[in-house]
Each structure stands twice: as structure tokens, then as C-alpha cells.
Amino acid sequence: MENKINAHNNVLELIGNTPLVKLNRVAESFTGNFYAKVEAFNPGHSSKDRIANFIIEEAEHKGLLKPGSTIIETTSGNTGFSIAMVSIIKGYKCILAVSSKSSLDKIDMLRSMGAEVYVCPAHVAPEDPRSYYQVAKRLHEETKDSIYINQYFNKLNTEAHYRSTGPEIWKQTNGQITHLVACSGTGGTISGTAAYLKEQNPNVKIIAVDAYGSVLKKYHETREFDSKEIYPYRIEGLGKNLIPDSIDFDVIDKFIKVTDEESAHSAREISRKEGMFVGYTSGAALQAIKQLDAEGEFDENSNVVVIFPDHGSRYMSKVYSDKWMADQGFSNAISTDKIPEVQY
Ligand code: PMP
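Residues numbered from 1 in each chain as written. Predicted model: local features only at pLDDT ≥ 70, side-chain atom pairs only at ≥ 80, totals over all residues. Heavy atoms only, no water.

Q: How should the sheet that holds strand β8 (residues 205-211) be read in this particular structure?
A: Taking strand neighbours across the sheet as the criterion, the six strands line up as β1-β2-β10-β7-β8-β9 in an open arrangement whose pairing is mixed. Lying at the two open borders of the sheet, with one neighbouring strand each, are β1 (20-22) and β9 (254-258). On average, adjacent strands in this sheet sit at an angle of 25 degrees to one another, irrespective of strand direction. Note that strand β7 (residues 179-183) and β8 share five bridges and pair parallel. Bridge assignment links Leu 180 to a residue of β8, and that residue is Ile 206. (Pairing = 2+ DSSP bridges. Helix = DSSP H or I, 4+ residues; strand = E, 2+ residues; numbered from the N terminus. Axes fitted to C-alpha atoms, helices over the stretch in contact; angles between N-to-C directions.)

Put into C-alpha cells, the structure is as follows:
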């Protein structure tokens, strides 16, 4: 008998091939069949592992990176975590400029993964020198042997999903997918996945989820940037105050907007009813499905795939904190003073 150890060489080998899981209780009252692509099963617990690994490998192939080089990025957290993880394995330094809107959990987590983190104000224009875009650009210019991932303006972000998420979903559904519902931040996930699926079957309907306070839906409908659409909102990773290059608006059939409050309740509902501990934007995606179902978007033969981008552990101080929910004025949040105490 061969005495072979059955082990992966490192965590990067575990990226992708995430499971598709049927939604049962949360979808009970909907028309059609619903399946979640659960991206928390990636080793860095989000879909961003795919793009971090792909973009860094492409840079290596082009000879842009050598041992000890620095990788710089702007990120709401997940991309940063994934880049930090890939950097550890491949021997690069990782510098991240993050928005002050990111949860403290996320920032601490990035530092735990060896990244150098700069926290930048969330509510300034992208061209403001204090914005995380400008800070990252400056750090890239000042740091020798560095690359700037720039996920919002990097087509490799979209290509990563065209090459992995799209083919996986096509195979997992045996080509029977009728609808894809996915959040749009950089738009890489939805555009890359959609491009592959539409090549296989142009009738697959692609629905992007956007936030109130973001410009993406309006831009899709009018092809005009309307700054009046912009105002602060709470969901991290969804929507945008600029038009990213990584979105291909032509492969998206429609955008739907969701609120902070309903998305937060929907995220908690997925955890409680499906036993899947997911992040805030997974709640946004479920909320979108609720609205689409109410609009009569689906029929009995619909096979809807929804992407759940990350894990709930990243939101312990937000969506999964009763105090945070109550502080936002979100209704029905269980108040901490109602938690029963054990009497001795
Ligand atoms: N959900 C979360 C939690 C994210 O961090 C992101 C990325 N910003 C998205 C959804 C959206 O994915 P994409 O950037 O590929 O549109």
C-alpha cells in the first residue's frame, strides 16, 4: 500500500469550487427553485479569494512581482483579507487602504493577517487626496517594487469570475440555471459570471443587486452618472459612488435596489432558518429575491442561483449585534437587556 499523505500543499489550493446549496426555509413562500453559491467556503471566507489569487498570478506571469514585492489595494475588507492571505503564502508584503466604514472586526482581521492598514474617511469624493483611492495610488508611487491591484478598474477582477465562478455554476446546475442574482460592488462577480453563463445560454437572466445611495442602477438605465443618487448607507461591499471599469453593464439585464434595514434582517433570517452564517450582502441578495418574487419575476420552472459573498463572522459588531441593530433604529432587533441571566 502506498504510504501517501492526503494533504493540500497550502490554503491557496482550496480557492474556488464552492458548494451550491438549496435554499429551503427562506424560500418556502417563493415561486421557483433557489440555490445559494456559498462563497464563505473559500479559505479566506469570501468570493474575493478568487480575484486576489488570479490577479496576483497574472502579475507573476507578467514578471511584475518578485520575492518581497509589495501588493497594494483599496478594499472594504474582503479583498484585503484575500490579498493578505495570498501574500503570506507567496512571500509578498501587503499594504491596504480601507474605508472608515469598514467594521473594526475586518480591520483587526487584516492586521492579524500581516497587512499594513491605512484607515481613510468614507464620505469624501474619490478624487479627494484623503480617499482610499488616492492614498493607495500615492503609496504605490512611493513604494518600490509594488503593484496596485485597483479592483474597480482592473478587468482581471471580472475575468477571474468568468474563468471560475461562471463555469462552476454552469456545471453545478447542469446548465439548468434560469436566473443569476448577485450583488454588485466592483461588479466583477456579476459581470464575469454573467459573461460565461450568457455564452452558454443567452436566455439566462442576470439581475444585479444595488444599494440605495449608489449610482449603479441609475447608470444601467440611463448610461448617465447622477451624483444626486449618492448618499451614505450602511451595507459594505454593495453599490458604488463611481462607475467601475470592472462592471460590464451590457451583460446585466436589470438592477434592483435594497435597503440597509431589510438586508440586515434578511441576513439574520438566512442564519436562523438555513443554518448558514452569512454576511450583510448575502442578506441584500435574499432581500432582492423577495422583491423579485413579489414582482412575479419567477415561475415554477425557474432555477435561481444567488451568490452569498462572505461569512457572518465579519459582522459580529454590526448586523449580528443586537445593540448595533437597535442603534440603527432597525425594528424587532432583540434588545440585549432581554437576554435571560442565569441565577445562582
Ligand atoms: N459582498 C461583499 C461583502 C463584498 O465585499 C463585495 C465586494 N466589494 C461584494 C459583495 C460585491 O462583489 P463585486 O465587487 O464582485 O461586485
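Q: Quick question: what am I supposed to make of the packing of aromatic side chains here?
A: For any pair of aromatic rings, geometry is given as the distance between the ring centres together with the angle between the planes. Throughout the structure, instances matching the rule amount to 10 aromatic pairs. Considering the side-chain rings of Tyr 219 and Phe 249, the 4.9 Å spacing of their centres and the 55 degrees angle between planes classify their relative orientation as tilted. Taken together, the positions of Tyr 219 in helix α8 (residues 216-222) and Phe 249 in the loop between α8 and β9 put the pair 30 residues apart, joining distant regions of the chain. The buried category is assigned to Phe 249, whose relative accessible area is 6%. Through successive ring pairs, a cluster of aromatic residues spans Phe 30, Phe 34 and Phe 298. Geometry around Phe 81 places Arg 314 over its ring, the cationic atom sitting 4.4 Å from the centre. (Phe/Tyr/Trp six-rings, centres within 6.5 Å; stacked < 30°, edge-to-face > 60°. Buried < 20%, exposed > 50% of the residue type's maximum accessible area, 1.4 Å probe, protein only. Lys NZ or Arg CZ within 6 Å of the ring centre and 35° of its normal.)

Q: Can you help me understand helix α10 (residues 280-294) in this one?
A: Residues separated by three or four positions in an α-helix point in the same direction, a consequence of the helix having 3.6 residues per turn. With 15 residues, α10 extends 21 Å between its outermost C-alpha atoms, agreeing within 8% with the 21 Å of an ideal straight helix rising 1.5 Å per residue. Burial of α10 is extensive: 12 of the 15 residues sit out of reach of the surface. Gly 296, located one to two residues past α10, shows a positive phi value of around 80 degrees. (Expected span 1.5 Å × (residues − 1).)

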